[in-house]
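# Architecture and fold: a report
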Amino acid sequence: MNEQPQHPMPPTAHGHWLVVKALQKQPNALRTLHSPGSAEGELADLVVRAALHLDSVQNELVDRCTWAADGLTRVATGTAAANRLGILQTSSTQIDILAARRADAITHLKSALAAYQRATTPQAQRAVSVTPSPSRTSRQTR
């Protein structure tokens, strides 16, 4: 069953979007799929928390970028004086830190999603999806 949202997701719902894309399920729906305390349930909880964390960091990043863009627009249109310390100087470090935190949060969520998928995929399907390693005969014929 595909649980795609009815409305477009806001730009701050990046973690939510990654979960829906990978699992075709809403993040909070994962918590109801497994017994509390089971390994799968714990992994589902990790995925949900990682998605929420990514959404939070994404929200902070969007807010900081929007604030900087608004300040630059006011200066460019002449409706505000340029800050003597520099608009970009005051926000660029925060934006860089938030961008790095977002990249880490994406990596963490993708890792949690991969672990969840491995744990919840039946072994018969995992065996089919494994990429075969190159044969030895192809190396010998070179």
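These figures come from a predicted structure and were not determined experimentally.

The next thing to look at is the overall build of the chain. When helices and strands are tallied, the chain shows 6 helices and 0 strands. Burial status across the chain gives 27% buried among its 142 residues. Carbon and sulfur atoms form 55% of the exposed surface of the chain, whose accessible area is close to 9,800 Å².

The next thing to look at is the packing of aromatic side chains. On inspection of all chains with the given rule, the structure shows 0 aromatic pairs. For arginine 64, the ring lying beneath its charged end belongs to tryptophan 67, and the centroid distance is 4.8 Å.

Let us now look at the confidence of the model for the chain. Model confidence for the chain is summarised by a mean pLDDT of 82, while 77% of its residues fall at 70 or above. Looking across the chain, the model is least confident in helix α6 (residues 136–140), with a mean pLDDT of 47, and most confident in helix α1 (residues 14–23), with 95.

With that out of the way, let us pick up the nonpolar core. In terms of nonpolar packing, the biggest core is built from 17 residues, with Val19, Leu30, Val47, Leu109 and Tyr116 touching the most fellow members. For this core, the secondary-structure elements that each account for two or more residues are α1, α3 (39–76) and α4 (87–120). At 7 residues, α3 tops the list of elements feeding residues into this core. Contact partners of tyrosine 116, with chain neighbours within four places excluded, come to Leu23, Leu30, Leu33, His34, Glu40, Leu43, Ala44 and Val47.

Time to look at the side chain of aspartate 55. Within the secondary structure, aspartate 55 is located in helix α3. A polar contact is formed between the side chain of aspartate 55 and the backbone nitrogen of histidine 14, at a distance of 3.1 Å. Sequence-distant contacts of aspartate 55, defined by excluding residues within four places in its chain, comprise Thr12, Ala13, His14, Gly15 and His16.

As a further point, take the environment of leucine 23. One can find leucine 23 in helix α1. On the basis of relative accessible area, leucine 23 is assigned to the buried category, the value being 14%. Placed 94 residues apart in sequence, leucine 23 and glutamine 117 show a C-alpha to C-alpha distance of 8.1 Å.

Here glutamine 24, not a glycine, exhibits a phi torsion of approximately 55°, which is positive. Here glutamine 24 shows up in the loop between α1 and α2 (27–30). The partly exposed category is assigned to glutamine 24, whose relative accessible area is 35%.

So, about α3. In this model α3 runs 55 Å from its N-terminal to its C-terminal C-alpha over 38 residues, within 8% of the 56 Å that 1.5 Å per residue would give. Of the residues flanking the end of α3, it is glycine 78, one or two places downstream, whose phi is positive at about 80°.

Take the packing of α1 against α3 next. Packing of α1 against α3 leaves a shortest axis separation of 6 Å and a crossing angle of 140°. When the interaxial angle is binned, α1 and α3 end up oblique. For the pair formed by α1 and α3, the contact residues are His14, Gly15, His16, Leu18 and Val19 on the first element and Val47, Ala51, Leu54, Asp55 and Gln58 on the second. Here the residues of the contact of α1 with α3 are counted per class, giving 5 nonpolar, 4 polar and 1 charged.

Each value, and the rule that gives it
Residues take numbers from 1 onward in each chain, read along the sequence in its written order. Only residues with pLDDT of 70 or above have their local features reported here, since the model is predicted, and side-chain atom pairs are shown and tallied only from 80 upward, although totals for entire chains, interfaces and linings are computed over all residues. For the side-chain quantities, the full set of heavy atoms in the structure was used; hydrogens and water were omitted. By definition, any uninterrupted DSSP run of H or I lasting at least four residues is a helix, any uninterrupted run of E lasting at least two residues is a strand, and each is numbered from the N terminus. Each residue's exposure class comes from its accessible area (1.4 Å probe, protein chains only) as a fraction of the maximum for that residue type: buried when under 20%, exposed when over 50%, partly exposed otherwise. Only the protein chains shown count as cover for residues, with accessible areas throughout obtained via the Shrake-Rupley method and a probe of 1.4 Å. Aromatic rings from Phe, Tyr and Trp, with only the six-membered ring used for Trp, were paired whenever their centres fell within 6.5 Å, and each pair was classed as stacked if the ring planes differed by under 30 degrees, edge-to-face if by over 60, and tilted otherwise. As a reminder, the over-ring test applies to NZ of lysine and CZ of arginine, requiring each to be within 6 Å of the ring centre and within 35 degrees of the ring normal. Scored from 0 to 100, pLDDT reflects the predictor's confidence in each residue. What makes a nonpolar core is a set of buried Ala, Val, Leu, Ile, Met, Phe, Trp, Tyr and Cys residues whose side-chain atoms join them at distances within 4.5 Å. Between two residues, a contact is recorded if the distance between any of their heavy atoms is within 4.5 Å. Polar contacts, as used here, are pairs of N or O atoms within 3.5 Å; protein pairs need one atom able to donate a hydrogen and one able to accept it. Residues neighboring in sequence count only if both atoms are side-chain atoms. Working rule for helices: expected span equals 1.5 Å times residues minus one. For helices, the fitted line uses only the C-alpha atoms of the stretch in contact; every axis is such a line through C-alpha atoms, and the angle between N-to-C directions lies from 0 to 180 degrees. Roughly parallel means an angle under 35 degrees; roughly antiparallel, over 145; roughly perpendicular, 65 to 115; everything else is oblique. Classification convention: Asp, Glu, Lys, Arg as charged; Ala, Val, Leu, Ile, Met, Phe, Trp, Tyr, Cys, Pro as nonpolar; all other residues, Gly among them, as polar.

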